[in-house]
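Structural overview for review
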Amino acid sequence: MTAKPPMSEQDRRRRRALIVFQIFVYGCLIAMFLIQLQMLFVKEW
Amino acid sequence: MTSMTLDLHEDESRRAQKGADRWLIVGTILMGTLVLGPLGLPVFCRGIYLLRKAQSAGLSVRPMMVTLIGYVIILDAAINSIGWGLDIFANHALITRTIFTAWGNLMDGGYFWHYNELWIGGAGAPGEKAWIIVCIVVVFPMRIAAAIGFLQMRRWGHQWMIVTCWFGLIAWMGYILNMTMYADVRYAGVAFPVLGWWLYNIFYITPFLAIPYLHTVNREIFSD
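Residues numbered from 1 in each chain as written. Chains lettered and ligands numbered in written order. Predicted model: local features only at pLDDT ≥ 70, side-chain atom pairs only at ≥ 80, totals over all residues.

**Structural notes on the overall build of chain B**
From N to C terminus, chain B includes nine helices and zero strands. Put simply, chain B runs from its N terminus to its C terminus through helices and strands in the order α-α-α-α-α-α-α-α-α. With respect to the principal axes defined by its C-alpha atoms, chain B has extents near 70 × 35 × 30 Å. Split into buried and exposed, the 224 residues of chain B put 33% on the buried side. Excluding contacts between residues fewer than 6 apart, the proportion of contacts in chain B whose partners are at least 24 apart in sequence is 64%. (Helix = DSSP H or I, 4+ residues; strand = E, 2+ residues; numbered from the N terminus. Buried ≥ 20, exposed ≤ 12 C-beta atoms within 10 Å, placed from the backbone. Contact = placed C-beta atoms within 7 Å.)

**Some details on the overall build of chain A**
Looking only at helices and strands, chain A features one helix and zero strands. Residue burial in chain A is summarised as follows: out of 45 residues, 2% are buried.

**Description of the domain arrangement of chain B**
Parsing chain B into structural domains produces domain 1 (1-61) and domain 2 (63-221). Split by residue class, the side of domain 1 of chain B that touches domain 2 of chain B holds four nonpolar, three polar and no charged. (Domains from an automatic or database assignment. Nonpolar A, V, L, I, M, F, W, Y, C, P; charged D, E, K, R; others polar.)

**Some details on helix α1 (residues 6-32) of chain B**
All names here are of chain B. With 27 residues, α1 extends 38 Å between its outermost C-alpha atoms, agreeing within 8% with the 39 Å of an ideal straight helix rising 1.5 Å per residue. When α1 is considered as a whole, its buried residues turn out to be Ala20, Leu24, Gly27, Thr28, Met31 and Gly32. Looking at the buried residues of α1, the elements they touch are α2 (37-56) and α3 (64-89). (Expected span 1.5 Å × (residues − 1).)

**Details of the nonpolar core**
Residue and element names in this part refer to chain B. By size, the foremost hydrophobic cluster in this structure holds 50 residues, and its most contacted members are Cys135, Ala147 and Met161. Broken down by secondary-structure element, the contributors of at least two residues to this core are α1, α2, α3, α4 (94-107), α5 (128-151), α6 (155-181) and α9 (211-216). Per element, the largest residue contribution to this core is 10 residues, and it comes from α5. Mapped onto the domain boundaries, this core takes at least three residues apiece from domain 1 (1-61) and domain 2 (63-221). Leaving out residues up to four positions away in the same chain, Cys135 has contacts with Asn80, Trp84, Phe140 and Ala171. (Core = buried A, V, L, I, M, F, W, Y, C linked by C-beta atoms within 7 Å.)

**Some points on the interface of chain A and chain B**
Facing 21 residues of chain A, the contacting portion of chain B comprises 21 residues. Partitioned by chemical class, the residues of the side of chain A that touches chain B number 15 nonpolar, two polar and four charged.

**Regarding the environment of Leu6 of chain B**
Residue and element names in this part refer to chain B. Within the secondary structure layout, Leu6 lies in helix α1. Assessed through the 7 C-beta atoms surrounding it within 10 Å, Leu6 is described here as exposed. When the C-alpha atoms of Leu6 and Ile202 are compared, they prove to be 46 Å apart, with 196 residues separating the residues in sequence.

**Description of the confidence of the model for chain B**
Counting all residues, the mean pLDDT for chain B is 91, and 97% of those residues have values of 70 or more. The element-level mean pLDDT for chain B is lowest in α9 of chain B, coming to 87, with α2 of chain B highest at 94. (pLDDT = per-residue confidence, 0-100.)

**Things to note about the packing of helix α1 (residues 9-42) of chain A against α6 of chain B**
Axis separation between α1 of chain A and α6 of chain B bottoms out at 10 Å; the angle between their running directions is 20°. Considering their axes alone, α1 of chain A and α6 of chain B lie roughly parallel with respect to each other. Considering only the axes of α1 of chain A and α6 of chain B, their crossing is left-handed. On α6 of chain B, the residues touching Val25, Cys28, Leu29, Met32, Ile35 and Gln36 of chain A of α1 of chain A are Leu169, Met173, Ile176, Leu177 and Thr180 of chain B. For the contact of α1 of chain A with α6 of chain B, the residue count by class is nine nonpolar, two polar and no charged. (Axes fitted to C-alpha atoms, helices over the stretch in contact; angles between N-to-C directions. Parallel < 35°, antiparallel > 145°, perpendicular 65-115°, else oblique. Left-handed = near helix turned anticlockwise from the far one by under 90°.)

**Overview of the packing of α1 of chain B against α3 of chain B**
All names here are of chain B. At a closest axis distance of 9 Å, the pairing of α1 and α3 adopts a crossing angle of 25°. Taken together, the axes of α1 and α3 lie roughly parallel to each other. The element α1 and its partner α3 pack so that their crossing is right-handed. Of α3, the residues touching α1 (which contributes Leu24, Thr28, Met31 and Gly32) are Tyr71, Ile74, Leu75, Ala78 and Ile79. A breakdown of the residues in the contact of α1 with α3 according to their chemical character gives seven nonpolar, two polar and no charged.

**Considering the environment of Thr33 of chain B**
Relative to the assigned elements, Thr33 of chain B resides in the loop between α1 and α2. Along the primary structure Thr33 of chain B and Ser81 of chain B are separated by 48 residues, whereas in three dimensions their C-alpha atoms are 9.6 Å apart.

**Details of unusual backbone geometry**
Residues and elements named next belong to chain B. Despite not being glycine, Leu34 shows a phi value in the positive range, around 75°. Take Leu34: it is sitting in the loop between α1 and α2. Despite not being glycine, Met153 has its phi angle at roughly 60°, a positive value. With respect to the element layout, Met153 can be found in the loop between α5 and α6.

Following this line, the structure appears as structure tokens:
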């Protein structure tokens, strides 16, 4: 396999921003999960 | 590895790639049917094994990350399309009325309460039908087409993978926000509320994991 070319500074910054954004998105999904979980504990389903 | 001419190397690489792809395609089609998934997985794994072998033999084959992302996106779209396609076009078939409502009763009331009671049939949960239609008419066909172009290492395939992965993010954020707004109704009376649903669906709602890779991969490896 050939060696990977070095990543440019712009790509590095772009990737970091995308990862931060993904953490935010997963945070939103986890928040929805926690809201549902809270319902699970208090509701009599 | 014995030394070989450039032409021979290209021929060998193409043959190895084709051989591996044959296994990968058959495996993905089998897994895409959902019920034949256990048969498809070993077939798919053999394709991955052949690709790895070709790679370590020094042949020029498609990068492993491109292969995995491309096939997983096709698989994700195919599995979803089958289930939701049945819900729209075959919601009065015996298999749909029994399996879907049984599954709904198990973990998702959206597929149990008032099933087949709207004018359009199928799932009757608020907003559910809109998400189903936009996904199987727009998102999933777009996703499969993009992934095929991506696996062929075409420029448009890479560009459309970025579009469809962002679309996937919007679709799943919207879907989960929607169902959480009335989750107290949707989970009422089901056997495994919340935990059952999340365990089952967590694998579907993560196709946007590929976004950072798609934005930072060397664009020059995809040709016009």
